[in-house]
Amino acid sequence: MKTPRGARGLRFWLLALLALSGGVLSGCAAEGTEAAEAAEAFHRDVASSDMTAACSRLQSKTREETARSSDAGTCESQLEKANIPDPGKLLSTEQFGRDAFIEFENDTVFLAASDAGWRITGAGCTANGEEAPYTCEVGGK
C-alpha cells in the first residue's frame, strides 16, 4: 500500500519522537524502586535459604545486632530462626532521603542507603500501634 509522501514524513517524525521520548523516560526510575528491589532480593534470598546472601543485604549495624541475638552468634543462624513471612505483593514504596519504607502484603521492610546500595535495617516487621509502631523479626531498633 502506498502512502502519500507527506504522510511518510509525518510518520517518520512521530516514530522518531516516540523513540526519543521512550529512551529518555526509560532512564528515569520511580522513587524507591531500587530500595524495593533490594527488599525483594532479601526476601528471595531468605526464601531460597541463602542466609549468607540475605545477611549481606543487611546494614552492618543490623547484621551485627542480628548475629548477637543468635545462640550460635551468627547472622545466618538467626535469620534461619526468624519468622520472616513470604512478602506477598508489593503494595507501596516510600523514600525519605536516605531512608526507605517498603510495604508488602505480608511484610514491611525498612532500608537505608549506603555506598554499597540500599541495605535492610528492619524486616519481618508488623504494625503495632502508636507507641511502638512496628515490631520486626530482624533489626528495626
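Residues numbered from 1 in each chain as written. Predicted model: local features only at pLDDT ≥ 70, side-chain atom pairs only at ≥ 80, totals over all residues. Heavy atoms only, no water.

### Regarding the confidence of the model for the chain
Across the chain, pLDDT averages 81, with 76% of residues at or above 70. For the chain, per-element mean pLDDT is lowest for helix α1 (residues 5-26), which scores 35, and highest for helix α3 (residues 51-56), which scores 97. With pLDDT under 50 throughout, residues 1-29 is counted as low confidence; its partners more than four residues away or in other chains account for two contacts. (pLDDT = per-residue confidence, 0-100. Helix = DSSP H or I, 4+ residues; strand = E, 2+ residues; numbered from the N terminus. Contact = heavy atoms within 4.5 Å.)

### Thoughts on helix α2 (residues 33-47)
Residue pairs spaced three or four apart in an α-helix point in one direction, given the helix's 3.6 residues per turn. In this model α2 runs 21 Å from its N-terminal to its C-terminal C-alpha over 15 residues, within 8% of the 21 Å that 1.5 Å per residue would give. Regarding α2, the residues found buried are Ala-35, Ala-36, Ala-38, Ala-39, Ala-41, Phe-42, His-43, Asp-45 and Val-46. Those residues of α2 that are buried are in contact with α3, α5 (75-81), β1 (90-96), β2 (99-104), β3 (108-114) and β4 (117-127). Looking one or two places after α2, you find Ser-49, whose phi comes out positive at around 60 degrees. (Expected span 1.5 Å × (residues − 1). Buried < 20%, exposed > 50% of the residue type's maximum accessible area, 1.4 Å probe, protein only.)

### Quick notes on the side chain of Asp-107
Tracing the chain through its elements places Asp-107 in the loop between β2 and β3. Of the side chains bearing the opposite charge, Arg-44 lies closest to the buried Asp-107, which forms no salt bridge; the N-O distance is 13 Å. There is a polar contact of 2.9 Å between the side chain of Asp-107 and the backbone nitrogen of Gly-124. Ignoring anything within four residues of it in the chain, the contact list for Asp-107 reads His-43, Ile-84, Pro-85, Pro-87, Ile-102, Ala-123, Gly-124 and Cys-125. (Lys, Arg positive; Asp, Glu negative; His and termini not counted. Salt bridge = Lys/Arg side-chain N within 4 Å of Asp/Glu carboxyl O. Polar contact = N/O pair within 3.5 Å; in protein donor to acceptor, adjacent residues only side chain to side chain.)

### As for the environment of Ser-56
Summarising the element assignment, Ser-56 is placed in helix α3. Judged by relative accessible area, Ser-56 falls into the partly exposed class, the value being 40%. When the C-alpha positions of Ser-56 and Ile-120 are compared, they lie 9.3 Å apart, and in sequence the two are 64 residues distant. What Ser-56 contacts, discounting residues up to four positions off in sequence, is Arg-63 and Arg-119.

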